[in-house]
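# A closer look at the structure
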Amino acid sequence: MPRPDPHPYDRLTPDVIIAAVESLGRDSDRRILALNSYENRVYQVGIEQGAPLIVKFYRPGRWSDAAIHEEHGFALELAAAEVPVVPPLVRDGRTLFEYEGFRFAVFERRGGRWPELGSATEREWMGRFLGRIHMVGRRQRFRHRERIDLERMGEQSREFLLNNGWIPSHLEAAYDSLTNDLLDAVNETFESARGMTELRLHGDCHRGNVLWTDEGPHFVDLDDCVTGPAIQDLWMLLSGNRNDMGEQLAQLLEGYSQFSDFDYRELILVESLRTLRMIHYSAWLARRWSDPAFPAAFPWFVEPRYWENQVLSLREQLGAIAEGPLDLR
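Where an unreviewed UniProt entry is consulted, the protein chain appears under the name Stress response kinase A, with the organism given as Steroidobacter flavus. Quoted verbatim from the Subcellular location (unreviewed entry) field of the UniProt record, the comment on the protein chain reads "Cytoplasm". Under the UniProt heading Sequence similarities (unreviewed entry), the note attached to the protein chain is "Belongs to the SrkA/RdoA protein kinase family."

Written as structure tokens, this is what we have:
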């Protein structure tokens, strides 16, 4: 087997990680714990005579400096409004630093658990949290971050998978036809919601990205913050059948509406946004396959069974989109 090309993260050794932190004037005790992150590399680094710090090394080439500064600015704006997020630490007026070619940011360590969201009370609490974030998110616009849109998440992702041999040959025609029909249906739903307000969002608001304490929910990272419709930060918190999801969404919106208005035309986008995420997620894995962390963590991605299940799930999405918006109960 030929030796694979080196990946930029191969140079991110423990010595580099520690030296990066110490370049900010913090003395490390040299204890490093790798945290669960694939897109970037995130570590807990022990500090002499102080609490450990969380250090995020940004994936080379992914974001511009301007886009990262917008992420940091949004987090600091939310923190200033007393919304529970963990902003980057500021040193000499800066939040983004560089060491040995790696851009990085440093955060306080904050704990918590993944939320259950198993009761109306918890869902309303989560809704209030998101309503407060969106209240701040409406104040200004991103200029350098991505948008939730059909072209980037749907068309470009679909074409990348088809044009680079990721779909097994026995499924390629079915995947091509099915995703073409799906994106037509997604486009129709977005057209029906034309005129909806877009705002600054968390962008990847699923339970694994939320931490819960006795004081309620908080975010520790806004790496995927984007511009898009408010429903993008709500739908991934739903589970179960359509009746279950309608009831859960009604409870989220009960809390949300205490701080932000919600455009109910966006309800029709739930299954379309789920479809875009499914297609985009597969393309994300494919685009990152040269990073050794991805084959190690997602070995099933190159198995025919994954793609067979994808085709079945995407066929179900055609029916789900056709059913229309959720009925809030």
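### A word on the overall build of the protein chain
When helices and strands are tallied, the protein chain shows nine helices and nine strands. Relative to the 2.2 N^0.38 estimate, which gives 20 Å for 329 residues, the radius of gyration of the protein chain is 21 Å and therefore close to what a compact globule would have. With respect to the three principal axes, the spread of C-alpha positions in the protein chain is 60 × 55 × 35 Å. Taking all 329 residues of the protein chain together, 50% fall into the buried category. Sequence-distant contacts in the protein chain: of pairs separated by 6 or more residues, those separated by 24 or more amount to 74%. A total accessible area of about 15,900 Å² is found for the protein chain, and carbon and sulfur atoms account for 47% of it. On the protein chain, the mean spot of the 38 positive side-chain charges and the mean spot of the 52 negative ones are 3 Å from each other.

### A few points about the pairing of strand S3 (residues 50–57)
Taking burial as the measure, the eight residues of S3 include six buried ones, the bulk of the element. With six bridges connecting them, strand S2 (residues 41–47) and S3 associate as antiparallel partners. Bridge assignment links valine 45 to a residue of S3, and that residue is leucine 53. The loop that links S2 with its antiparallel partner S3 comprises two residues; one of these, glutamine 49, has a positive phi angle of about 55 degrees. When S3 meets strand S5 (residues 102–108), the two strands line up antiparallel, connected through five bridges. Following the sheet pairing, isoleucine 54 is matched in S5 by phenylalanine 107.

### Here's the deal with the side chain of glutamine 248
Relative to the elements of secondary structure, glutamine 248 occurs in helix H6 (residues 242–256). Polar contacts involving the side chain of glutamine 248 include one to the main-chain amide nitrogen of serine 239, which spans 2.9 Å. Discounting residues that sit within four places of it in the chain, glutamine 248 has contacts with Arg123, Leu237, Leu238 and Ser239.

### Let's talk about the packing of helix H2 (residues 65–80) against helix H3 (residues 120–137)
Angle between the axes and distance between the axes are the two parameters that describe a pair of packed helices. Running from N to C, H2 and H3 point in directions that differ by 115 degrees, and their axes come no closer than 10 Å. Considering how the two elements wind past one another, H2 and H3 form a crossing that is right-handed. Of the residues in H3, those touching H2 at Phe74, Glu77 and Leu78 are Ile133, Val136 and Gly137. Its residues assigned to classes, the contact of H2 with H3 shows four nonpolar, one polar and one charged.

### Structural notes on the UniProt feature "active site" (unreviewed entry) in the protein chain
According to UniProt, the positions carrying the feature "active site" (unreviewed entry) are Asp204 and Asp221. On the basis of their most widely separated C-alpha atoms, the annotated residues across 18 residues gather in one place, lying no more than 10.1 Å apart. Along the chain, aspartate 204 falls in the loop between strand S6 (199–201) and strand S7 (211–213). Checked against the element boundaries, aspartate 221 lands in the loop between strand S8 (216–218) and strand S9 (226–228). Note on aspartate 221: relative accessible area 29%, which makes it partly exposed. Ignoring any residue separated from it by four or fewer positions in sequence, one finds aspartate 221 in contact with Lys56, Glu71 and His202.

### Notes on the sheet that holds S5
Strand order in the open sheet formed by five strands is S1-S2-S3-S5-S4, and the pairing between neighbours is antiparallel. Edge positions in the sheet fall to strand S1 (28–34) and strand S4 (97–99), since each of these pairs with one other strand and no more. Averaged over all neighbouring strand pairs, the angle between strand axes comes to 35 degrees, with direction disregarded. Sitting on the sheet, helix H1 (residues 14–22) is in contact with S1, S2, S3, S4 and S5, with an inclination near 120 degrees to S1.

The rules behind each value
- Residues numbered from 1 in each chain as written.
- Predicted model: local features only at pLDDT ≥ 70, side-chain atom pairs only at ≥ 80, totals over all residues.
- Heavy atoms only, no water.
- UniProt positions renumbered as here; feature names shortened; annotations may be inferred.
- Helix = DSSP H or I, 4+ residues; strand = E, 2+ residues; numbered from the N terminus.
- Rg over C-alpha atoms; globule rule 2.2 N^0.38 Å.
- Buried < 20%, exposed > 50% of the residue type's maximum accessible area, 1.4 Å probe, protein only.
- Contact = heavy atoms within 4.5 Å.
- Areas by Shrake-Rupley, 256 points an atom, 1.4 Å probe, with all protein chains shown as cover.
- Lys, Arg positive; Asp, Glu negative; His and termini not counted.
- Charge placed at Lys NZ, Arg CZ, Asp CG, Glu CD.
- Pairing = 2+ DSSP bridges.
- Polar contact = N/O pair within 3.5 Å; in protein donor to acceptor, adjacent residues only side chain to side chain.
- Axes fitted to C-alpha atoms, helices over the stretch in contact; angles between N-to-C directions.
- Left-handed = near helix turned anticlockwise from the far one by under 90°.
- Nonpolar A, V, L, I, M, F, W, Y, C, P; charged D, E, K, R; others polar.

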